[in-house]
Amino acid sequence: MTRTDRLLSRLRAGEVLLADGATGTMLQSQGLDDGRLPESWILEQPDRVVALHQSYVAAGSSMVLTCTLGGTRFRLGHEGLEGRVADVNRRAAELARQAAGDDVFVAGDMGPTGQILAPYGPLTAAEAADGYAEQAAALAEGGVDFLLVETLSDLGEARAAVEGARRVTDLPILVTFSFDTHGRTMMGVRPAQAAREMAPLVEGLGANCGREPSEYPGILAAMAAEAPGAILWAKPNAGLPRLDGDVVVYDASPAAMAEVAVLLRQAGASVIGGCCGTTPAHIAAMARALAN
């Protein structure tokens, strides 16, 4: 049985798996300059990326995400790396696998393009799908166990990501949205709508980032009502960010996130983790809470 088969078997049997925490905010705390993409460290500081993955594994994560949220050609262009999509994503997958070993799963992380799709913006759905296909192929080659398309706000972009990935790999795909605008995504999508339209296309769905962790049980309930039996993913921020001087801080403590993890399990989450502001200390507290 492959790792991917093991993953799906465990999730479909009702096991709850703990994902990792933040990547970008953690690397920034370690010296990544403001405005730079975390993906730049895949090539420049690979040891630090591996160390971050390892810290989550040590804290109790059953899966880690590759450092490739901005790994499409559209986002990598901000670092002049649009011509190295394959190199960056393949290497990111290899680094995550190095840290994970054979017992911890690796998700190939794919984020939004950062552009608005036509007819409201310049990027066509076909161009977006081509970009996601390019990224997905490299992640699969690097050894990820499944693909996670996350932090989305647009259903059209989600469909393009899935279409592109399906072109190049048969790995399972999970899609998660960021509901950060009065219960909707930035593009006005509600949880029930996201579930209704995406559940037939993917192996799992859910939410990440967003606003308060307390909003997540309601989001999951709305999704579960539209997609009974679906694998549900929940990865909230460690609370809302605020400025403390020049430093962005997240107020949810490890103990608070541990309470959230229990509530998310009760709400039906199959995979639970943390997004922005979530540290290995948060994940360790969540692991202890979920073990009880």
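Anything mentioned here points back to the structure above.
Residues numbered from 1 in each chain as written. Predicted model: local features only at pLDDT ≥ 70, side-chain atom pairs only at ≥ 80, totals over all residues. Heavy atoms only, no water.

S.K.: Mind laying out the pattern of salt bridges, listing which residues take part and the relevant values?
M.R.: Scanning the model with the defined rule gives 19 salt bridges in all. Two residues, E44 and R36, come together in a salt bridge whose shortest N-O distance is 2.9 Å. Overall, R36 belongs to the partly exposed group, its relative accessible area being 27%. It is possible to trace a salt-bridge network through shared partners that takes in R3, R97, D102 and D145. (Salt bridge = Lys/Arg side-chain N within 4 Å of Asp/Glu carboxyl O. Buried < 20%, exposed > 50% of the residue type's maximum accessible area, 1.4 Å probe, protein only.)

S.K.: How would you explain the side chain of D20 if you had to name every residue and give the values?
M.R.: As for its placement among the helices and strands, D20 is situated in the loop between strand 1 (17-18) and helix 2 (24-29). At 3.1 Å, the side chain of D20 and the side chain of K235 are in polar contact. Excluding anything up to four places from it in sequence, D20 contacts Y56, S61, M63, V64, L65, K235, G273, G274 and I283. (Helix = DSSP H or I, 4+ residues; strand = E, 2+ residues; numbered from the N terminus. Polar contact = N/O pair within 3.5 Å; in protein donor to acceptor, adjacent residues only side chain to side chain. Contact = heavy atoms within 4.5 Å.)

S.K.: Describe helix 7 (residues 125-142), and please don't skip the residues or the numbers.
M.R.: Given a rise of 1.5 Å per residue, 18 residues ought to cover 26 Å, and the 26 Å separating the end C-alpha atoms of helix 7 matches this to within 8%. Those residues of helix 7 not exposed but buried are A128, A129, G131, Y132, A133, Q135, A136, A138, L139 and G142. As for helix 7, its buried residues are in contact with helix 5 (73-76), helix 6 (85-100), strand 3 (105-110), strand 4 (146-152) and helix 8 (155-168). Downstream of helix 7 by one or two residues, G143 has phi in the positive range, about 105 degrees. (Expected span 1.5 Å × (residues − 1).)

S.K.: So what's going on with the environment of Y250? Residues and values would help.
M.R.: Positionally, Y250 belongs in strand 9 (residues 247-250). C-alpha separation for the pair Y250 and R48, spaced 202 residues apart in sequence, amounts to 22 Å. When sequence neighbours within four positions are dropped, the list of residues in contact with Y250 reads T25, A238, G239, L240, P241, C276 and G277.

S.K.: Requested: an account of the packing of helix 9 (residues 191-198) against helix 10 (residues 216-226), with residues and values cited.
M.R.: Helix 10 packs onto helix 9 with a crossing angle of 35 degrees between their chain directions and a minimal axis gap of 8 Å. The two elements helix 9 and helix 10 cross, and the hand of that crossing is right-handed. In this structure, helix 9 contributes P191, A192, A194, A195 and R196 to the contact, and helix 10 contributes I219, A222, M223 and E226. (Axes fitted to C-alpha atoms, helices over the stretch in contact; angles between N-to-C directions. Left-handed = near helix turned anticlockwise from the far one by under 90°.)

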